[in-house]
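# Structural overview
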Amino acid sequence: HKSPKPPVPGPVPPPVAPPVAPPVTPPTPACNFSDVIITEIGSPNVASARYVEVFFRDCASKAPLTITEDIRIISNGREFPLQGKELPLSGIIVVCVSRNSHTSFFNFNGFESCDYEGDVANNDGTAPVSVNRGPAINNIVLDIFQPFPFTDGKAMRIKFPTNPVLPIPSQSYIPSQWIILPGNTPIGIGSGEVDKPKGLDPGVWYTPLIISEINDPVDSSPARYINIKSPYGGGTIVDNLWLVIFNESDGEPDYNSAVQLDNKVLGPDNEIRVCNSHVQNTSECNIVINDPNSPLPGNEGCYTVGIILILPGVNNYHIVDLYGRRGVSCAGSEFDFEGGTAVRKPEGYVPVSVWNPIQWIITTPEPIHLIITEVTDPSENLPKYRFVELYSPNKKNYVFQSSDDLYLVTYPQGSSFPERKLSLVGKKTDANGLVVFCTNNEYYQDRCNYVEGTNSVADTPGTFTVQIIKGATTIIDVYGGINVTGNFRDFTSGRVNRKDTSSGSNNYLISDWELTKPTSAQNTDPGCWNGIGNCAALPPIISDQLVLFITEVSDPQDVPSFRFVELYSPNKPNYKIVEGFTLKFSGNVIISDINLNGYETDSNGFIVVLVDNPGTEVVNLMKLNTVIDSYGKQGTIDWNFVDGRANRIGNGPSSFGVNEWTIDTNVNLSSSDPGCWNGIGDCTNPLPNPPAPPSPPNPAPAPSKGGKGGKGKTKTTRRMRKSKRV
């Protein structure tokens, strides 16, 4: 029996090491919480509403987050730890003294601007503030503000319009990054009072823009604009900023006309120009308001305007910058720039929520000087030829404004109440300073600036008084008198023209005026005053009403029996007179009146009447007892044409002036030209020997009672058959 052999041992496996846990990687922070800056410190006199605001630059786009680092706000021996606090989506944390007091003070509807309470925010504007990492002892300063006193105001960090957002945290105070605004007393031109609460803006951080210029150039055109500027560099506006007008009634923004500035790119000189639709070169404008009724950039140069930052909720906003005073009437105030400009001084390029007038240069034009220069009621005796002309020596191309408060009014003779009144607002003087209000422009055409129609201030009978007034009763200038009568100022069938003086008067002075009557519409000059304006002669009147005047009177020395008066109508050839025109004579020789009804003009418009006038008698052409035209003047003899003739030089009917006539003496009948006047009519053939005069028309005028009285005879040869009596 054999014992079994022992087994041969195989290879021994190596020992197995125990499992090793994988290395643990510490979590990556959600953002760099040390990238934090102080953005605003508010120090209103209500201590419980004070606050300090910080902004986590790197975390804003990643919030909301919980702050995981030991970041603290430290001021005046107090500190507020931010570790563990929730960071809002904006990246901004506001610490206030009391949330209840803060909410009551700012009264925002639907917008909470205080995140946490802490007495570190109780800063009266004299204590430094820093943001640190770690406790007060053994801490690292991340950002700091060293105080420049801003009691009852604020210290605001400038957000520069660049990308990435500047500034960055700094362990030393950099004054150029801060705007210091005290509460009640601006510290010179570079600061301003803070509106409380609208000028304090906890919970938001924005690029502060300013209004640099407001322009209201109404002397040249109604093109208005507002310049907005960034004093802190160019770029794109990324904040919810708006340009608004503040209502005078309640001092609140007019949101209906507000202009949004968000996403607008600052142009050259870091500016944005907002224009109305009247600006000719719109390439100079970044924003054009096409609504002509929009109050922004202004129908008139008088308003309070500002840049605001609109917040969530109902009517929540901060005032970024302001021109004018909220809730205050602008007209006549210290910020009224109507007709001019308001330009900010460069050293005043600091955003203010309460207007600081020393930052501005306001230029307004002198008040308009306006006078009456011509009023007409010409001898045509039709309203359509009446007009009133005004002149301003200091306002060319000027649009009358509501602040001018000027009116044109007229009074009937003997009345103390105006019958017609016209506001001048919106009317405009021409390039010469003249403005003409016509009843009708059928004849005067473009000499009329405005056509007002009949029964208007332009429709002025010669007995009316005309005034320019300011407001309700203040008389600026006047022609005539109220509640008075008298022929000394009656310009019926004529016109009045102010003499060469631009002073004007609130009392009627007869010495200021030249009254001419009778005179036709052709002898007026709308749009021209004493050489100023368009003084070209008006054309002959072509109208439905008969125009008739004297063109020649003759007493030929060789044929005294062939004395005549020549009449001419520029608008009625081959026309039978029915209007009641009469020739009347005055002087030493009795000559019967000649009723011209039934007389007929020839094909050129002439009537030649044989009248036994020895060259010494005044000839008056009358219409219904009104003198329409005259030759001669009682009490003088320089117009006598004994043994000769007188030929008219000027056009149309007028009161007599010897310089309007050419007078020749010692001339024969052959030198006369009845039926021809200044090239008009039959001027080619010599006169034949004069025939015997025809029998007068029935009923015949009474024979003259002295001298060589005429009988109203008309010549009936070819050249003299100008006035056939029917």
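Residues numbered from 1 in each chain as written. Predicted model: local features only at pLDDT ≥ 70, side-chain atom pairs only at ≥ 80, totals over all residues. Heavy atoms only, no water.

## Quick notes on the overall build of the protein
Counting its secondary structure elements, the protein contains one helix and 45 strands. When the 726 residues of the protein are sorted by exposure, 52% land in the buried category. Contacts in the protein between residues at least 24 apart in sequence constitute 67% of all its contacts with a sequence separation of at least 6. Taken as a whole, the protein presents about 31,100 Å² of accessible surface, with 52% of it coming from carbon and sulfur. (Helix = DSSP H or I, 4+ residues; strand = E, 2+ residues; numbered from the N terminus. Buried < 20%, exposed > 50% of the residue type's maximum accessible area, 1.4 Å probe, protein only. Contact = heavy atoms within 4.5 Å. Areas by Shrake-Rupley, 256 points an atom, 1.4 Å probe, with all protein chains shown as cover.)

## Considerations on the state of the cysteines
Under the definition given, this model contains seven disulfides. Put simply, Cys96 and Cys114 are joined by a disulfide, and their sulfur atoms are 1.9 Å apart. Between Cys96 and Cys114, the S-S dihedral sits near -85°, and the bridge is therefore left-handed. Here the residue Cys96 occupies a position in strand S7 (residues 92-96), and Cys114 occupies one in the loop between helix H1 (99-106) and strand S8 (116-117), the gap between them amounting to 18 residues. Taking relative accessible area as the criterion, Cys96 reaches 0% and is therefore assigned buried. Two residues share a disulfide in this structure: Cys302 and Cys330, whose sulfurs sit 1.9 Å from each other. With the S-S dihedral at roughly -115°, the linkage between Cys302 and Cys330 falls on the left-handed side. Of the two residues, Cys302 sits in the loop between strand S18 (287-289) and strand S19 (304-310) while Cys330 sits in the loop between strand S20 (317-323) and strand S21 (341-344), which places them 28 residues apart along the sequence. For Cys302, a relative accessible area of 16% puts it in the buried group. (Disulfide = S-S within 2.5 Å.)

## Quick word on the packing of aromatic side chains
In total, this model carries 34 aromatic pairs according to the counting rule given. Arranged with centres 6.3 Å apart and planes meeting at 75°, the rings of Phe33 and Phe56 form a pair that is edge-to-face. Placement of Phe33 in the segment before strand S1 (36-42) and of Phe56 in strand S2 (residues 51-56) is noted, with a sequence separation of 23 residues between them. When sorted by exposure, Phe33 lands in the same class as Phe56, which is buried. Pairing Phe387 with Tyr444 gives two aromatic rings, centres 5.2 Å apart and planes at 85°, and the pair type is edge-to-face. Taken together, the positions of Phe387 in strand S24 (residues 387-391) and Tyr444 in the loop between strand S27 (434-438) and strand S28 (450-451) put the pair 57 residues apart, joining distant regions of the chain. On the basis of relative accessible area, Tyr444 is assigned to the buried category, the value being 1%. One residue, Lys198, lies across the ring of Tyr317, its end atom 4.0 Å from the ring centre. (Phe/Tyr/Trp six-rings, centres within 6.5 Å; stacked < 30°, edge-to-face > 60°. Lys NZ or Arg CZ within 6 Å of the ring centre and 35° of its normal.)

## Considerations on the sheet that holds strand S14 (residues 225-229)
Read across the open sheet, the six strands follow the order S18-S17-S14-S13-S21-S22; overall the sheet is mixed. Each having just a single partner strand, S18 and strand S22 (360-363) make up the two edges of the open sheet. When strand polarity is set aside, the average angle formed by the axes of neighbouring strands in this sheet is 20°. Bridge count for S21 against S22 is four bridges, and the pairing is antiparallel. Note on S22: the bridge partner recorded for Thr341 is Thr363. (Pairing = 2+ DSSP bridges. Axes fitted to C-alpha atoms, helices over the stretch in contact; angles between N-to-C directions.)

## Re the environment of Pro365
If you trace the backbone, Pro365 turns up in the loop between S22 and strand S23 (371-377). Along the chain, Pro365 and Asn394 lie 29 residues apart, while their C-alpha atoms are 9.6 Å from each other.

## Some thoughts on the side chain of Arg157
Within the secondary structure, Arg157 is located in strand S11 (residues 154-157). Look at Arg157 and you get buried, because its relative accessible area is 2%.

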